[in-house]
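Coordinate inspection notes
Residues per chain, in single letters:
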Amino acid sequence: MDPSLDTWDFSPLISLWIHKFYIYWGFAFGISLWICFQIVIRKQLGKDSNLMDFVQSSILKDKTSQEKSLSKATRDLVTNGYISLQEKEVFVSGVKIFYGSQTGTAKGFATILAEAVTCLGLPVAIINLKEYDPDDHLVEEVTSKSVCAFLVATYTDGRPTESAEWFCKWLEEASIDFRFGQTYLKGMRYTVFGLGNSAYASHFNKIGKNVDKWLWMLGAHRVMTRGEGDCNVVKSKHGSIEGDFRAWKTKFISRLRALSKGEKKSCGGNCKKGRCKSSQHGSEEMEPGSPAQDGLHQRDTEEEEPFASTSEEESSTEDHQSLSSVVDVEDLGKIMNHVKKEKREKEQQEEKTSLFRNTVKNEASERRAMITPALREALTKQGYQLIGSHSGVKLCRWTKSMLRGRGGCYKHTFYGIESHRCMETTPSLACANKCVFCWRHHTNPVGTEWRWKMDQPEMILKEAIENHQSMIKQFKGVPGVKEERFEEGMTVKHCALSLVGEPIMYPEINRFLKLLHECKISSFLVTNAQFPVEIKNLKPVTQLYVSVDASTKDSLKKIDRPLFKDFWQRFLDSLKALAAKQQRTVYRLTLVKAWNVDELQAYAELVSLGSPDFIEVKGVTYCGESSASSLTMANVPWHEEVVRFVHELVDLIPNYEIACEHEHSNCLLIAHKKFKIDREWWTWINYNRFQELIQEYEDSGGSKTFSAEDYMAKTPHWALFGASERGFDPKDTRYQRKNKSKDISGC
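In this report, the structure presented in the accompanying data block is examined.

Definitions and limits used
Residues numbered from 1 in each chain as written. Predicted model: local features only at pLDDT ≥ 70, side-chain atom pairs only at ≥ 80, totals over all residues. Heavy atoms only, no water. Helix = DSSP H or I, 4+ residues; strand = E, 2+ residues; numbered from the N terminus. Buried < 20%, exposed > 50% of the residue type's maximum accessible area, 1.4 Å probe, protein only. Contact = heavy atoms within 4.5 Å. Salt bridge = Lys/Arg side-chain N within 4 Å of Asp/Glu carboxyl O. Core = buried A, V, L, I, M, F, W, Y, C linked by side-chain atoms within 4.5 Å. Axes fitted to C-alpha atoms, helices over the stretch in contact; angles between N-to-C directions. Parallel < 35°, antiparallel > 145°, perpendicular 65-115°, else oblique. Nonpolar A, V, L, I, M, F, W, Y, C, P; charged D, E, K, R; others polar. Pairing = 2+ DSSP bridges.

**A closer look at the environment of Glu-725**
Note that Glu-725 resides in the loop between strand E22 (712–713) and helix H23 (733–736). For Glu-725, a relative accessible area of 12% translates into the label buried. Here the alpha-carbon distance between Glu-725 and Glu-661, two residues 64 residues apart in the chain, equals 9.4 Å.

**Some points on the environment of Leu-575**
Summarising the element assignment, Leu-575 is placed in helix H19 (residues 567–579). Not counting the four nearest positions on each side in its chain, Leu-575 is found in contact with Val-546, Val-548, Tyr-587, Leu-606, Leu-609 and Gly-610.

**What to know about the pattern of salt bridges**
Going through the model one piece at a time under the given rule, you end up with 21 salt bridges. A salt bridge links Asp-212 to Arg-222, with the shortest nitrogen-to-oxygen separation between them at 3.2 Å. Placement of the pair is Asp-212 in helix H7 (residues 206–217) and Arg-222 in strand E7 (residues 221–222), with a sequence separation of ten residues. Comparing Asp-212 with Arg-222, the two get one shared label, buried. For Asp-212, the salt bridge goes to Arg-226, with nearest N and O atoms at 3.1 Å. A residue pair is termed long-range when its members are at least 10 positions apart, and Asp-212 in helix H7 and Arg-226 in the loop between E7 and strand E8 (227–230) qualify at 14 residues. Here Asp-212 and Arg-226 have matching classes, each one buried.

**Considerations on the nonpolar core**
Ranked by internal contacts, the top residues of the largest apolar core, which has 88 residues, are Val-548, Phe-571, Leu-589, Ile-615, Val-617 and Ile-670. In this structure, Ile-615 is in contact with Tyr-587, Leu-589, Val-607, Ile-653, Tyr-656, Leu-668, Leu-669 and Ile-670, ignoring residues within four places of it in sequence. Counting 29 residues, the second largest nonpolar core, distinct from the first, contains Phe-414, Val-526, Val-586 and Phe-690.

**Notes on the packing of H19 against helix H20 (residues 600–610)**
When two helices pack together, their arrangement is given by the angle between the helix axes and by the axis-to-axis distance. In contact at an axis separation of 7 Å, H19 and H20 are set at 45° when each is read in the N-to-C sense. One way to sum up the angle between H19 and H20 is to call them oblique. Side by side, H19 and H20 meet where Phe-571, Leu-572, Leu-575, Lys-576, Leu-578 and Ala-579 of the first sit next to Leu-606, Leu-609 and Gly-610 of the second. Of the residues in the contact of H19 with H20, the class split is seven nonpolar, one polar and one charged.

**Considering the sheet that holds strand E18 (residues 667–672)**
Pairing within the open sheet is mixed, and its ten strands lie in the order E9-E10-E11-E12-E13-E14-E15-E16-E18-E17. Edge positions in the open sheet fall to strand E9 (385–387) and strand E17 (656–662), since each of these has one partner strand only. Strand-to-strand twist in this sheet, taken as the mean axis angle between neighbours without regard to direction, amounts to 25°. Bridge count for E17 against E18 is six bridges, and the pairing is antiparallel. Residue pairing for E18: Tyr-656 is matched across the bridge by His-672. In this fold helix H16 (residues 509–518) packs onto strand E12 (494–497) and strand E13 (522–527), with an angle of close to 150° to the strand it touches most, E13.

As structure tokens, this is what we get:
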């Protein structure tokens, strides 16, 4: 045996081997104790699971708050012994504002929005959709980190404006083209503000809704709910389209500020029409125009596809799921205090919501003024003297002309009006049409019924006369003004209710007319043939006009652009109601070259329907370029063309003949043969006799009626068609100068 083995002692190993089972048992017992301990702990945690779920969100917020409170130095990266600052992440690289405008309103809003964005220190670009090619550039917004704001208006019949027509066409086709798919614009961030008029209920803000929908269908991400501006002051959430825009702009700037800081909160999208109904917190408190309030002002009738949630919301959900399920007992007190604070804030928010809803309800019960501050400014610049909340008066150019002895308007030639004593006014600036040849350039409001505050007729007439006299006084001492006519002009003798809008919409129009007649003022009322019931209920006027701007349904829709869906039936019923009137009635035809001059037979049929006493045929007046109309000088017919049209029309209506002419206004008068007595025309009006008749009518309570023939007067020779004076009064200096050039600036 090797002697070295004697030096080794193996007895401990042998002892361990002999007692190995005791060792195994000891390990097993220790593991069992550890397992039992874990089971007990987990059971205890299971009992407290409700508490854990309750405080999860609070812990995450605390964690986020702590992370934000870390100093910048602690986030510095240490590499190879050197400290390098972490590069700041850019969440919003800039804002691109796209606009599609017809009248310039959307363009103006784009400029205002750009100024607000600039204050945030962000780059901003304003882009006219007319000059933008979506096929080449829109996909670039997916990776640009820009936020795109679309300000788009809805034009006639729910169509886009001319500048946005191609963009909308491309976007619509792309949204349904399988080659683009639902992720084509994934990553693009956008918001939409639509401009429209709820008076056109069937297509209110249609383009804004469609652009919002098409972008979503292509995968773009909506950063906030769509805004809707309403030109209709009655239904506008904030009293005017400018107010609607300001409210939306404030919310957008707040949202943009949050995005710039990296916050990912956005519209949930799980709602109809892209309107989130979830509660808003933090800086996005409930305000007029916010998504939570849209339920109070629902206008939309058509259904749209539901909008899906976004990837940003999904990532936010994942952040919540990453919360640790273990809570230190020492932190529970802090957590519970935080939860109580949130509960109090939520109750305060609900109180604010309730208060705002009550405020909206109260405001809705009060009628708004028709004239908004923006409208007041625009009309004042045009020379209107505004009265109360819905009326106005303006000095006609022919009043100024006759004060100087330079001739009167065509009403002077046709009916014997003294133009220098005529007051042009209206008790309603609102209209039910948006005619292409509107010489007010659509600055007045539109509507289909009276839904505004109403001023009393006594106040309207009093201030109208005072304002008219004030404007007349300004001509005192002006070179060329005749003293006798200036003195006469201070006493109003005629009132032309044709300034702008639809006077017959005014609920107290009959009281207003009665007040005029009590003041010995004759009444010339013009209506656009969209209110047949009001025409039927109208009390006698000196002369009642109906504008017949077209003779077929399609051309009337194209020229007048009426708000009523049943505009054609209303038009026909208005003509029938006119036929039942016993006083003087007039059709007023405005000829628009290449639009309505080829409908002679249809015009003849309309004449037989309404049987008017007179038909005024006038070439359209071009009032300058307007973004709201495509009318140009090419649409203005020459006087010879108007004369030819009148001759052809008279050949189709046997009971009428051409009576008078006013070449300067490019206008002719067709009269019923009953006003031709012993081969002499009696188209003028005996105004004194009319005042006697209307007084007898009022005294009898309306039982004693009278007809148009009862107050007619003989027409002077110089006013007749074919006379050498061509409608110019021989006493006027204008006639003496023999100015027979084509002047289309008539009234």
